[in-house]
Amino acid sequence: MRTSLRALMTLLSLSVAAYAIAAYALLPLGTVLHPDIRASFASHGPVMVYVHVFGAAMALALGPLQFWPALRTMRPRLHRWLGGAYLVLGVAAGGLSGLFLAVNAFGGEWSRAGFGALAVLWMATGVVALLRILQGDVQAHRRWMMRNYALAFAAVTLRLYLPALIVGGLTMDVAYPIVAWLCWVPNLVAVQWLLLRTEAQRFTCRTTASRAATSAA
């Protein structure tokens, strides 16, 4: 992952995490939400809302650190501890509570299906990433963590796309079901494309090196 892209991702993630923590820790529940969405959140009770918000904020704050090479190479034990906190306090807590909240999400069946699928895939990719590192497959672990964080980053893209759709003239009841899918599907597609592109480049480099070695022999 390029340094500039990693820096932008980190800045956006930390900004949204800080905003969420401040908004939900310092203000009454639902203050910053659209009235329709506020009513939907209120139907679940405050506990699951707070678990989801702070769990997702934890994932946003810790996730980018896992992709900085210096941390992995110079402080591997810290990398593992932060990774565990990310998966347990972020993905597991945020995903399970997110799945619970998705059941009655504002916007009808499309919203519920979109946010429900996001929660399930977020937790599933986290489990696969954990299994891969326990098996000692570091490269596969990194690939699955990239997919996982692409889903966590939905908390950022949702806050970019939803205002854009509203400004573009859509009402909340139309925009919200769209953003329930738009906030994470392009993220996952983009990361998968990046992984395939990187693998293709590595294959080309290996093929070129093999041909050069054969020619030299």
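Quick summary incoming for the structure in this document. (Residues numbered from 1 in each chain as written. Predicted model: local features only at pLDDT ≥ 70, side-chain atom pairs only at ≥ 80, totals over all residues. Heavy atoms only, no water.)

## Digging into the overall build of the protein
Check the secondary structure of the protein and you find 10 helices and zero strands. When the helices and strands of the protein are placed in sequence order, the string is α-α-α-α-α-α-α-α-α-α. For the protein, the C-alpha atoms occupy an extent of roughly 75 × 40 × 30 Å along the three principal directions. Considering only residue pairs separated by 6 or more positions, the protein has 70% of its internal contacts joining residues 24 or more positions apart. Computing the positive centroid from 17 side-chain charges and the negative centroid from 5, the protein places the two 19 Å apart. (Helix = DSSP H or I, 4+ residues; strand = E, 2+ residues; numbered from the N terminus. Contact = heavy atoms within 4.5 Å. Lys, Arg positive; Asp, Glu negative; His and termini not counted. Charge placed at Lys NZ, Arg CZ, Asp CG, Glu CD.)

## So, the pattern of salt bridges
Scanning the entire structure with this criterion turns up one salt bridge. Put simply, Glu109 and Arg112 hold a salt bridge, and the shortest N to O gap is 3.1 Å. Of this pair, Glu109 and Arg112 both sit in helix α6 (residues 109-134), separated by three residues, roughly a single helical turn. Overall, the relative accessible area of 59% leaves Glu109 in the exposed class. (Salt bridge = Lys/Arg side-chain N within 4 Å of Asp/Glu carboxyl O. Buried < 20%, exposed > 50% of the residue type's maximum accessible area, 1.4 Å probe, protein only.)

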